[in-house]
Amino acid sequence: MNARGLRRYLDDLLAGRRPKAFEPNDFEAAQIRTAIELRAARPGGDEPRSEFLTDLQRRLAEQMSDEPPDVPPKHSSTRRQVIVGTSAAAAAAVAAVSIDRAVIGHPGEAPALAGQLTPNDGSWQQVAASSQVPDGRMHPFDLGSLTGFVRRVDGKLEAVSGVCTHQGCRLWFDAPEDRLRCPCHSTSFSPTGHVLTHQLPIAPKPLPTLMVREVDGAIEVLAPPRPDEPA
Amino acid sequence: MTAHHDPVGPRPLRAVPAVPDTGYPDWEAVYQDNVSWLYRTLFARVGNRADAEDLTAEVFLAALRPLRLTASVGEVRAYLRATARTVLAAHWRETLGREITSIEDIEQPPDSEEAISTAPQRVAHVLDRLPDRYRRILELRFLRGNSIKESAAELGTTVANAKVLQHRALRLAAQVNDGGGP
């Protein structure tokens, strides 16, 4: 019970001052909630001041033009704001998990592909017979050291990694939908490895492509040595 | 948002549009287009300008730098609302040690009136259920922003009585608002 704290809080609220912290009990909290709603219901009372809008835009411009970390900020207050900002952003990233997040696929911005996987001690290893991979069919393979999918498009071979770039769950191919799906967080990738859908705060990377060739009726992928056969 | 939901699905899965929503050209555009509804969303939950301004600034300072401009407008707004939810929760933890108000998960777009504030409807509901003089003192003080002296004069009573009236009216309103009272 803190009658004085409540009275002061309400006086400040009504006077348009910043209310001061105190520890309300349940009923006091309910009264504050109601007071806030009453105050907020005032017609037209919730428009931001133009001075505030201009000033915040200036502060943001300062922040956005900041060189990344090492450069000391011009004002000591800026540093604090940036730190507060960063931690809130991190927290927001967590909070935002419940929301369907920004999905990528904009060709100009993020790299369309994660690049090609080229293992240090790679060797060409057979993943299928040529006959097993007719045009348009997605063929899964597991070499122990590497899992992926290979397919043929207009006669040309393509292969992508079969591991989700978010947390490493193994992808499966949803043939009717023509996409690779992650069983863990509903991420899906196109057969070429682009992210199609996801529910994460930040879009996962596209799938790495694998080097693939066809030799004497066999399809081979450049893969690292098997875990049980170290190079 | 169109009402085309799978009622049993946990979260709708959103597809990357074949032709991507071009989103915003730069952070200034993000700011200009969203600062107003975001401020109003926060004001509705703190009830005073100073806190609403501080929290709005905190949201943008936190959210803009990590924001991907490839995100669509809807995604940017959802992200800003989520950031505001976190910032508001931290504000209550730090000042009153408990969550007084929150930014809910809602179906409506974040910049819609329903998403910004339900205070007007809730207040109307509460005021309707109060005795006449209680309702009037709250209207005079909170909705019209009159001083206690002006309000007392309008009600034809003393300042001391007006204070008592306001005190009791708010207590009753809080009970009604929390679903308890008459």
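Residues numbered from 1 in each chain as written. Chains lettered and ligands numbered in written order. Predicted model: local features only at pLDDT ≥ 70, side-chain atom pairs only at ≥ 80, totals over all residues.

### Here's the deal with the nonpolar core
Thinking step 1. Ranked by internal contacts, the top residues of the largest apolar core, which has 68 residues, are L42, V59, L138, A169 and A173 of chain B.
Thinking step 2. The greatest single-element share of this core, amounting to 10 residues, is contributed by helix α1 (residues 27-46) of chain B.
Thinking step 3. Look past the residues within four positions of L42 of chain B in its chain and what remains in contact with it is A52, L55, T56, A84 and L88 of chain B.
Thinking step 4. Ranked by size, the runner-up nonpolar core spans 23 residues in total, among them V160, C182, V195 and L207 of chain A. (Core = buried A, V, L, I, M, F, W, Y, C linked by C-beta atoms within 7 Å. Buried ≥ 20, exposed ≤ 12 C-beta atoms within 10 Å, placed from the backbone. Helix = DSSP H or I, 4+ residues; strand = E, 2+ residues; numbered from the N terminus. Contact = placed C-beta atoms within 7 Å.)

### Section: the sheet that holds strand β9 (residues 195-197) of chain A
All names here are of chain A.
Thinking step 1. A sheet is described by the order of its strands in space; here 4 strands give the open sequence β6-β7-β8-β9, paired in antiparallel fashion. Sheet topology places β6 (172-174) and β9 at the edges, where each strand pairs with a single neighbour.
Thinking step 2. The pairing of strand β8 (residues 188-189) with β9 spans 2 bridges and is antiparallel. When the sheet's bridge partners are listed, S188 is paired in β9 with T197. (Pairing = 2+ DSSP bridges.)

### Some points on the sheet that holds strand β2 (residues 123-129) of chain A
Residue and element names in this part refer to chain A.
Thinking step 1. Across the sheet, 3 strands lie side by side as β2-β12-β11; this open sheet has antiparallel pairing. Whereas interior strands pair on both sides, the edge strands pair on one side only; in this sheet they are β2 and β11 (212-215). Neighbouring strand axes in the sheet, compared pairwise and without regard to direction, differ in orientation by 35 degrees on average.
Thinking step 2. Two strands pair when backbone bridges link them, and β11 and strand β12 (residues 218-223) are joined in this way by 4 bridges, in the antiparallel orientation. What sits directly across from E214, in β12, is I219. (Axes fitted to C-alpha atoms, helices over the stretch in contact; angles between N-to-C directions.)

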